[in-house]
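A structural walkthrough
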Amino acid sequence: MAGVRDIRRRIRSVRNMQQITKAMKMVSAAKLRKAQQKLNAARPYAHQLQGVLERLSQVPGDTVHPLLIKRPVQKVVYVVITSDRGLCGGYNSNLIRKTAGLIAETPQEVKLVTVGRKGRDFFRRGKIEFLAEFVALGDEPSYNQAKEIAQEVVRLYEQGEADEVYLMYTEFVSAINAKPTQVKLLPIEKPEGKQSKQYIFEPSPDEILASLLPKYVETQIFRSILEGKASEQGARMTAMSSATDNAKDMIDRLSLIMNRARQAAITKEISEIVGGAAALD
């Protein structure tokens, strides 16, 4: 059995670690609130923009735009959005596992665009070609950062480097629930069915589409990044909460072991004293 001094030293180390995990939990909770506010503000805009595009795409006419053109699928690009840092439970591993499974099932040539260090570092160990990588977006990513990513993705599609582009991100449901999600980004598909209302567009639908389609890609990527950031902070908060609770349990167990060790040492000393006194008699 370890000595009382060693156990006390270990308890002190665990208590210091508990203070760190508790502080990280509080920081993640504050960042989660900010991430949720930004996400709740971005979701309605993305939804309304998608609705406008649906109405535009159903206007009679031969609308031709590079982002609407479908080609025979020979090259598939996955845009994988992970975090730059760890200590967030299964947030990164769940998304990476889902992406790796989809890549294994894809018969076409697969290429990657990674957002975040964790996804980049994992897939770099494989033989998949990287077309672009983006890291250090921070805890509060801006729309300009998403726009830069979107411009690169659009350029790859227009130049024929990709025939289909999929977004891989984690959809935020709650602080303890996040869902790895796959969304087809390009080509943008026209919805089926007929609209019940007729709309008059000014300027022409073609001009509006030419302006809105790149904006749509930017918005989808920005919303996906915000979904991922909220999911990351929620996962980190939950992981740090579990670590804090586990540290408390470990301190309780070590304290019990230390008390037993102290009791055994005292009992041994008393036995030696009694034995010495008996020997003198």
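That block above? That's the structure.
Presented here is an overview of the structure given in this document. Being a predicted model, the structure only gives us computed values, none of them experimental.

The next point concerns the packing of aromatic side chains. This model, assessed by the stated rule, comprises three aromatic pairs. Both rings, one in phenylalanine 122 and one in phenylalanine 123, keep their centres 5.1 Å apart while their planes meet at 90°; by these two values the pair is edge-to-face. For phenylalanine 122, a relative accessible area of 33% puts it in the partly exposed group. Ring centres of tyrosine 143 and phenylalanine 222 lie 5.4 Å apart, and the angle between their planes is 75°; this geometry places the pair in the edge-to-face category. Of this pair, tyrosine 143 sits in helix 4 (residues 143–158) while phenylalanine 222 sits in helix 5 (residues 205–280), and the two are 79 residues apart along the sequence.

By the secondary structure assignment, threonine 106 is in the loop between helix 2 (91–105) and strand 2 (109–115). Among the polar contacts listed, one links the side chain of threonine 106 to the side chain of tyrosine 78, at a separation of 3.0 Å.

Turning our eyes to something else, we now look at helix 3 (residues 117–124). Buried residues of helix 3: Gly119, Arg120 and Phe123, and no others. Buried residues of helix 3, viewed axially, fall in a sector of 100°; they line one side. Buried residues belonging to helix 3 abut strand 1 (75–81), helix 2, strand 2 and strand 3 (129–134).

Moving on, we get to the pairing of strand 1. Counting buried positions along strand 1 gives six out of seven residues, so the element sits mostly inside the fold. Pairing between strand 1 and strand 2: seven bridges, direction parallel. Across the sheet, the residue bridging to tyrosine 78 is leucine 112, located in strand 2. Of the crossover connections in this fold, the one passing from strand 1 over helix 2 to the parallel strand 2 is right-handed. Pairing between strand 1 and strand 4 (residues 164–174): five bridges, direction parallel. Bridge pairing in strand 4 links valine 76 to glutamate 164.

Here is what the cut-offs are and how they apply
- Residues numbered from 1 in each chain as written.
- Predicted model: local features only at pLDDT ≥ 70, side-chain atom pairs only at ≥ 80, totals over all residues.
- Heavy atoms only, no water.
- Phe/Tyr/Trp six-rings, centres within 6.5 Å; stacked < 30°, edge-to-face > 60°.
- Buried < 20%, exposed > 50% of the residue type's maximum accessible area, 1.4 Å probe, protein only.
- Helix = DSSP H or I, 4+ residues; strand = E, 2+ residues; numbered from the N terminus.
- Polar contact = N/O pair within 3.5 Å; in protein donor to acceptor, adjacent residues only side chain to side chain.
- Arc of directions from axis to C-beta.
- Contact = heavy atoms within 4.5 Å.
- Pairing = 2+ DSSP bridges.
- Right-handed = clockwise from strand over helix to strand, strands pointing away.

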